[in-house]
Structure formats: structure tokens, C-alpha cells
Amino acid sequence: MKSTVNEGLYRRARGVIPGGVNSPVRAFGSVGGTPAFIRSAKGAWITDSDGNEYADLVGSWGPAILGHAHPEVVAAVQEAATRGLSFGAPTEAEVELAELIRSRFAVDGLAPIERVRLLSTGTEATMTAIRLARGATGRSLLVKFAGHYHGHSDGLLAEAGSGLATQAMPGSAGVTPEVAAQTIVLPYNDPVAVETLFAARGDEIAAVIVESAAANMGVVPPLPGFNAALGRLAHEHGALLIVDEVLTGFRAGPAGYWGLEADYSPDLVTFGKVVGGGLPVAALAGRAELMDLLAPLGPVYQAGTLSGNPVAVAAGLTTLRLADADVYEALDRTARAVAEGVSAALSAEGVPHTVQWAGTLFSFAFADRAPLDYATVKQQRQEAYPALFHAFLDAGVHLPPSVFEAWFVSAAHDERAIGRILEAAPAAAKAAAA
Ligand code: PLP
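Keep in mind it's a predicted model, so treat the numbers as computed, not measured.

A. Looking closely at the overall build of the protein chain. When helices and strands are counted, the protein chain shows 15 helices and 13 strands. Taken against the 2.2 N^0.38 rule, which gives 22 Å for 434 residues, the C-alpha radius of gyration of the protein chain at 21 Å falls within 12% of a compact globule. Each principal axis of the C-alpha atoms in the protein chain carries an extent, and together these give about 55 × 55 × 45 Å. For the protein chain, the proportion of its 434 residues judged to be buried stands at 53%. Partitioning the intrachain contacts of the protein chain with sequence separation of at least 6 by distance along the chain shows that 76% fall at a separation of at least 24.

Given below as C-alpha cells:
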């Protein structure tokens with residue numbers, strides 16, 4: 001594995017970009033070493049600036065369900081780009097993407113989405129959801145769960161999972177105490193804690209926000225009925241339920257993780273990642289009576305110069321149109337093959353671990369028992385991961401550079417890619433055991 005060019009680029013990057021990266025987890029902070037500076041990606045494979053080729057299990061942190069640079073997505077982007085990069089005016093493709101998100105997020109007659117607003121990042125989607133919930137209810141308090149990440153807006157950075165956990169940070173400097181006091185953080189998968197809070201302060205709570213399945217502290221699925229209980233409690237007390245599907249939406253399953261449960265109705269839903277197919281598109285969606293409180297119809301303001309950007313929308317629309325039943329079957333098959341193969345290798349080396357699942361999403365926790373919440377996630381033998389990560393990297397497999405992240409497969413992971421991962425697994429497991 002050559003690393004001369006990567007190392008030179010990292011040195012140069014640190015001279016101009018804080019920490020050398022534009023999003024903290026990319027810096028390999030918790031695994032050590034030099035990040036691979038990526039030159040190109042195709043299908044299941046990425047190539048770094050030294051020419052090393054890796055089977056990729058990061059998938060741009062979620063969007064690449066079809067694999068990198070799918071020819072039809074690239075063609076749609078090229079075609080859209082030739083018609084203009086950005087208009088700052090509405091387009092037909094935006095309407096099509098909004099309609100497709102709405103029709104795809106429906107199961108067995110349950111269809112919680114009536115309106116969709118497109119934005120550029122998941123952070124904007126959750127930030128706007130909260131503003132809208134406060135505008136709709138006239139209340140201030142927000143409830144979130146420890147270990148859940150909803151983007152980097154001020155009120156959502158308390159105990160926010162992967163990015164901060166990777167840096168061993170409890171929250172962020174620069175968030176004022178007044179703002180922090182508006183967010184109450186509860187333990188995940190503990191309905192009694194939610195019930196107790198609502199009993200005490202129910203009339204102050206604007207909304208509960210939850211990842212439909214936690215996937216930013218590794219994958220930790222909700223206990224059966226947990227999300228439904230959140231909806232029931234919120235509604236009994238006049239509060240809203242915001243379900244964050246930025247990571248899980250159209251990846252965990254065809255209608256997100258919500259579609260795998262479909263035993264409750266969220267008021268607002270946020271999307272990102274897959275809906276942009278690798279370009280910056282996110283969405284806030286929900287019931288018409290709430291969504292129509294957004295400007296220009298209502299008093300809750302939200303806007304964006306590049307919202308609904310035509311090139312980005314072309315990528316998202318084409319990706320979602322191509323994501324049919326065969327794609328979800330392929331994601332599931334590949335995820336199971338990788339998880340089972342790596343798990344068998346870890347077992348053979350006597351490394352205690354569990355595999356956590358949320359639809360087609362999975363991750364490993366280095367513990368005997370499946371963690372249920374952030375406190376138990378943090379108790380795992382985290383030190384096993386850097387050794388596993390680097391052994392895989394040296395063998396040409398690109399894992400997420402943090403134990404607190406999900407592993408992302410794509411429908412383009414063919415036998416060669418899966419073979420590369422499984423061949424690397426025994427030596428990686430041995431390294432993790434050391
Ligand atoms: N919500 C969830 C569940 C996420 O996983 C993320 C990003 O990883 C976000 C929100 C923020 O999205 P973005 O990084 O596009 O701002």
C-alpha cells in the first residue's frame with residue numbers, strides 16, 4: 001500500500017483546511033494514520049491519489065446505494081448540467097422528486113407525507129423541522145436521544161453520536177447555554193424516561209426528534225414499539241414527532257426504516273443522502289397542515305439559494321427511480337454476506353462482538369451483548385476497531401474510520417468486491433484480537 005501522495009496531500013491540506021478535512025471524521029482521528037485522498041470512484045471501488053484501489057464500505061456515508069458513478073446517474077447529471085447549473089427558480093424535476101419521495105414513503109395505506117420541501121443538507125432539514133415544530137406548537141423544548149445525530153445545528157449537538165464521539169467530545173463549544181437548555185437529552189430505547197418527562201413538562205415540549213433507527217453510534221435499532229410509543233406520547237401532549245430518515249431513508253429499506261415498522265405516523269420526516277444520489281439534496285416532509293406553515297404560505301421562514309438545484313435534483317431523482325426491489329435485495333444480500341463473513345472471522349479469533357441491524361444497515365459492536373443505548377455503546381472494547389480498520393485498509397478495503405459508524409454496502413458490490421472484503425477478514429480479525 002503506497003501512501004506518499006496521500007501523505008503529501010494531508011500535509012498540504014492541514015496547512016490550509018482546519019485539520020486537513022472538511023468534515024471531522026474524515027481525519028482518521030480515532031483510528032490514526034493518514035486519510036486516503038480519493039481520486040475517483042466507480043461501482044464498489046474507490047481509488048486514492050497513490051493509485052491504491054479499495055472495496056468501499058463508506059459509500060459517501062450513505063448516498064451511494066447504486067454504487068459510485070452509476071452510468072445512468074452520471075448521464076442525468078451531465079444532461080441537466082448542459083441545460084444550466086442553477087436557476088434560482090422552480091423546475092419540473094423538483095416537482096417530480098418531491099412526488100416520488102411522497103409516493104415512495106407509504107406502506108399499507110399509511111402515507112404520512114403530503115408535502116415535501118427540498119433543501120441541500122440533512123442539517124438544514126432537521127433544523128427547519130425543529131423551527132417548524134416550534135412555530136406550529138408555540139412551544140420551545142426539544143427532546144432528543146443520546147447518541148443520535150441530526151446534523152450540526154446548535155440545538156442538536158448535545159450527545160450527538162458518531163462525529164463527536166469519534167473526537168471524544170460531549171458537545172460543541174460555541175453553543176450558548178440558553179440554546180442548549182432548550183434541548184433535553186434522554187437515553188435511547190427507554191420509553192419510561194420519555195413518559196416521565198412528558199408527565200412533568202409535556203406542555204412545554206414542541207417535538208421529539210429521533211433517528212428512525214439509530215445509526216450514528218453504530219447501528220442500534222429501536223426496540224419494537226419504541227418509535228410508536230414516542231408518537232403516542234407526543235400526540236397525547238400536543239407535541240410533534242420528527243423522524244429523522246436522513247441516513248436510513250431509502251437505504252434501510254424501500255420506505256426507509258419507518259417502512260419496516262409502519263406502526264406509527266410521524267408528523268415530520270427528514271431525508272438527505274440517498275435523495276441526492278451523491279449531490280447536495282435533502283428534504284423536509286410531512287402533513288400538509290404543518291408543512292404549509294412554511295414560507296411563502298405561512299410564518300415559518302426557510303429558504304436556500306441552491307435549494308432544489310437542478311443538477312443535484314437530477315442525481316437524486318435518477319437514483320431513486322433506479323432504486324427498485326432488485327436494488328434492495330442486492331443491498332440486503334451483500335450486507336448479510338459481509339456481516340456474516342466478518343463476524344465468522346472475528347469469532348474464529350475469539351473477538352467478542354455483536355452485529356447490529358437496521359434493515360440493510362449494519363455495524364459491529366465489540367461487546368458480548370448488543371448495545372441498546374449510547375451508554376452501552378460506549379462501554380464496548382473500542383480499541384479493537386483501529387486495528388481491524390487498518391488491517392482492512394492495508395488489504396484494500398475502505399471501512400468507515402470510526403467504530404461509531406454504520407458500514408455501507410451498495411448494489412454494485414459484486415463477487416469481486418465481496419471477495420476482497422472476505423479474503424481480508426481473517427487477518428483483520430487477528431489484528432482486532434491482539
Ligand atoms: N441526520 C442524520 C440521521 C444523519 O446521519 C446526518 C448526517 O450524517 C444528518 C442528519 C446531517 O446531514 P448532513 O450531513 O447532510 O448535514
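B. Expanded view of the packing of helix α14 (residues 384–394) against helix α15 (residues 415–433). For the pair α14 and α15, the least separation of the axes is 8 Å and the interaxial angle reads 150°. Our classification of the angle between α14 and α15 gives roughly antiparallel. Handedness of the crossing formed by α14 with α15: right-handed. Here A384, A387, L388, A391 and F392 of α14 come into contact with α15, specifically with A424, A427, A428, A431 and A432.

C. Spatial organisation of the site of the ligand. Residues in contact with the ligand amount to 15 residues; listed here are only the nearest, G122, T123, G151, V246 and L247. Top element by residues in the shell around the ligand is helix α4 (residues 122–137). It accounts for 3 residues.

D. The domain arrangement of the protein chain, seen in detail. Partitioning the protein chain into domains gives domain 1 (1–61), domain 2 (71–322) and domain 3 (325–354 + 366–384 + 410–434). Inter-centroid distance (C-alpha atoms) of domain 1 to domain 3 is 22 Å. If you look at the interface, domain 1 gives 5 residues, while domain 3 gives 7 residues. A per-class count over the side of domain 1 that touches domain 3 returns 3 nonpolar, 2 polar and no charged.

E. Main features of the sheet that holds strand β2 (residues 45–48). Taken in spatial order, the 4 strands make up an open sheet running β1-β2-β3-β13, and their pairing is mixed. Every other strand in the sheet has two partners, leaving β1 (38–42) and β13 (397–398) as the edge strands with one partner each. Where strand β3 (residues 53–56) and β13 come together, 2 bridges link them in parallel fashion. Counted as the bridge partner of D56 is H398 from β13.

Cut-off values and rules
- The residue count restarts for each chain, going from 1 along the sequence in the order it is written.
- Where totals are concerned, whole chains, interfaces and linings use all residues; where local detail is concerned, this predicted model gives features only for residues with pLDDT of at least 70, and gives and counts side-chain atom pairs only at 80 or more.
- To qualify as a helix, a DSSP run of H or I must reach at least 4 residues; to qualify as a strand, a run of E must reach at least 2; elements of each kind are numbered from the N terminus.
- Atoms counted for the radius of gyration: C-alpha only. Globule rule: 2.2 Å times the number of residues to the power 0.38.
- Residues are called buried when their C-beta atom has 20 or more other C-beta atoms within 10 Å, exposed when it has 12 or fewer, and partly exposed otherwise; all C-beta atoms are positioned from the backbone.
- What counts as a contact is two residues whose backbone-derived C-beta atoms lie within 7 Å of each other.
- Angles shown run from 0 to 180 degrees and are taken between the N-to-C directions of axes, each axis being a line fitted to C-alpha atoms and, for helices, limited to the stretch in contact.
- Note that the term roughly parallel is reserved for angles under 35 degrees, roughly antiparallel for angles over 145, roughly perpendicular for angles of 65 to 115, and oblique for everything else.
- In this scheme, a crossing is called left-handed if the near helix is turned counterclockwise away from the far one by less than a right angle; it is called right-handed if the turn is clockwise.
- Placing a C-beta atom from the backbone of each residue, we mark the residue near a molecule or strand if the atom is within 6 Å of it.
- A domain assignment, automatic or from a database, supplies the domain bounds used here.
- Put simply, Ala, Val, Leu, Ile, Met, Phe, Trp, Tyr, Cys and Pro go in the nonpolar bin, Asp, Glu, Lys and Arg in the charged bin, and everything else, Gly too, in the polar bin.
- Only strands that DSSP links by at least two bridges are regarded as paired with each other.

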